[in-house]
Amino acid sequence: TSLLSEHLRSRQQVEKVLQMAQMDQRDFELKISRVDMHEVIRQAVEHLSLQVQRREGHIDMQLDAGRHIVEGDQTHLSNAIYNLLDNANKYSEHAPEIRVCTVNRAGGIEIVVEDKGIGMSKEDQKHIFDKFYRVHTGNVHDVKGFGLGLSYVKAIATAHQGSIDVKSEPGKGSKFFLFLPATQKGPK
């Protein structure tokens, strides 16, 4: 069943992302509830760990944030975290070494997803959150490009009044910083 559920999950991912592609950021209908981001991260890691283990890699979690409940949309936030981890796996040529950490920042939580993969140029970093932008991956043929995943993550971060940033160097890997405020302000 795990393969089937993995397949179903990836189909749901694709459909969800395609829906997102047709949406404008301001069209997001967020179903706000109290979301435990540590629980979301653990579940996403669990979903992906089989694929990572198959490639003799590992995912380390360092969940240090004391306050890890946010007001947000559980489904969208789960997809965003899954997308970041999935990219970290895809963009690691060899056994993936992925780290996911959390810390509290003023007003919320920062989630950092780090890989030691192929990294990307300054130019790619400028466009990476644009819709349909594909990082040129050279010889990584089986990768379909960052494509929709990161524009979706960016749209989710924005819809939650948060932010997403990246630091990366070619050949040295990438580090994504997702900040989510603990509470949603203003008319929702």
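Look above for the structure.
By convention here, each chain's residues receive numbers from 1 onward along its written sequence. Restriction of local features to residues with pLDDT of at least 70 applies here, the model being predicted, together with a cutoff of 80 or more for giving and counting side-chain atom pairs; totals for whole chains, interfaces and linings are based on all residues. Note that water and hydrogens are dropped before the side-chain values are worked out from all heavy atoms of the structure.

Caption draft 1: Representation of the packing of aromatic side chains in the model. Two rings from Phe, Tyr or Trp (for Trp, the six-membered ring) form a pair when their centres are within 6.5 Å of each other. A pair whose planes differ by under 30 degrees is stacked, one over 60 is edge-to-face, and the rest are tilted. Applying the stated rule across the entire model yields one aromatic pair. Taking the centre distance of 6.3 Å and the plane angle of 80° together, the rings of phenylalanine 129 and phenylalanine 176 count as edge-to-face. With phenylalanine 129 in the loop between α4 (122-127) and α5 (148-159) and phenylalanine 176 in strand β7 (residues 173-181), this pair connects stretches of sequence that are 47 residues apart. For the pair shown, phenylalanine 129 and phenylalanine 176 are each scored as buried. Only DSSP runs of H or I reaching four residues or more are called helices, and only runs of E reaching two or more are called strands; each is numbered from the N terminus. Throughout this description, buried means an accessible area under 20% of the type-specific maximum (1.4 Å probe, protein chains only), exposed means over 50%, and partly exposed covers the range between.

Caption draft 2: Molecular detail of the sheet that holds strand β2 (residues 58-63). With respect to topology, five strands assemble into an open sheet ordered β2-β4-β5-β7-β6, the strand pairing being mixed. Pairing within the sheet leaves two strands with one partner each, and these edge strands are β2 and β6 (163-169). Put simply, the sheet's adjacent strands are angled 15° from each other on average, direction ignored. Pairing between strand β4 (residues 97-105) and strand β5 (residues 108-115): eight bridges, direction antiparallel. Of the residues in β5, the one forming a bridge with valine 100 is valine 113. In what follows, residue pairs with any heavy atoms lying within 4.5 Å of each other are defined as contacts. As a rule, the C-alpha atoms of each element are fitted with a line to give its axis, helices using only the stretch in contact, and angles between N-to-C directions run from 0 to 180 degrees. Strands in contact with helix α2 (residues 37-54) are β2, β4, β5 and β7; relative to β2, the strand with the most contacts, it is inclined by about 170°. Being paired, for any two strands, means DSSP has found at least two bridges between them.

Caption draft 3: The pattern of salt bridges, seen in detail. Salt bridges are identified by distance alone: a Lys or Arg side-chain nitrogen within 4 Å of an Asp or Glu carboxyl oxygen. Scanning all chains against the criterion turns up six salt bridges. One salt bridge connects glutamate 39 with arginine 42, and the closest N-O pair in it is separated by 3.7 Å. Of this pair, glutamate 39 and arginine 42 both sit in helix α2, three residues apart, which is roughly one turn of the helix. Looking at glutamate 39, the relative accessible area reads 35%, which means it is partly exposed. Notably, a salt bridge pairs glutamate 110 with arginine 105, separated by 3.0 Å at the nearest N-O pair. Here glutamate 110 falls in the buried class, since its relative accessible area comes to 12%. Residue class for arginine 105 comes out partly exposed when judged on its relative accessible area of 42%.

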